[in-house]
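Below, each chain spelled out in residue letters.
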Amino acid sequence: MVRETQIDTFSRFTQVSRETIISLKIYENKLINSNKKLNLIGKSTIDNIWIRHFLDSAQLWFSLPKGVKSWLDFGSGAGFPGLVISIIAKELKPDLRVILVEKNRKKGYFLAEVVKKLSLNATVFCSRIEELEPQKVDVISARAVGRLKSLIEVAYMHRNDRTIGFFPKGKKYKGELEESLQ
């Protein structure tokens, strides 16, 4: 019942179709089943997955500038926010190319399986972001990966002249923001 309430909240907030919700449910099932082996998300967050992970990722969609054609998500791990963005884009912006970068091969394989199963316009690279050829994308994101200053430095090589970055942070964001401005 709690899960259905979370899905309803997600659906109301994002206004995506039933087909997109079905794709997200397929992703959720694969994530939960794979989590036992891969430690993709904290066990304590599973009961609140639709709010804590899916909605948290989906909110970035609403800040998407017009004309965006490419999105790079590094440290993709469980697929947040990159896979969620790619699933939403399949319905709302099918030409958006999403690039997921994950250095852990097992997690990269998990991401590739979801991309293939859902026929997403996404590519998975199993690599460190620093070793990847510059992508020159319109949007760069990273969630729960390193300090803000480091994220900005690494993202710089993959930007173009209009790139925006989404680097969601937790409770210590003020300190990281101050550090990145030095």
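Predicted model only: the values in this text are computed from it and were never measured. (Residues numbered from 1 in each chain as written. Predicted model: local features only at pLDDT ≥ 70, side-chain atom pairs only at ≥ 80, totals over all residues. Heavy atoms only, no water.)

**Re the pairing of strand 2 (residues 97-101)**
In terms of residue burial, strand 2 counts as a mostly covered element, since 4 of its 5 residues are buried. Summarising the sheet, strand 2 and strand 3 (residues 122-125) pair through 4 bridges and their orientation is parallel. The residue of strand 3 that forms the bridge with Val-101 is Phe-125. In this view, the connection linking strand 2 to its parallel neighbour strand 3 by way of helix 5 (residues 105-117) has right-handed handedness. (Buried < 20%, exposed > 50% of the residue type's maximum accessible area, 1.4 Å probe, protein only. Helix = DSSP H or I, 4+ residues; strand = E, 2+ residues; numbered from the N terminus. Pairing = 2+ DSSP bridges. Right-handed = clockwise from strand over helix to strand, strands pointing away.)

**Observations concerning unusual backbone geometry**
Phe-80 connects to Pro-81 through a cis peptide bond whose omega is 0°. Structurally, Pro-81 is set in the loop between strand 1 (70-74) and helix 4 (82-92). A positive phi is found at Gln-15, a non-glycine position, where the angle reads about 60°. As for its position among the elements, Gln-15 is in the loop between helix 1 (2-14) and helix 2 (18-38). Its identity as a non-glycine residue notwithstanding, Ser-119 has a phi of 50°, on the positive side. Tracing the sequence through the fold places Ser-119 in the loop between helix 5 and strand 3.

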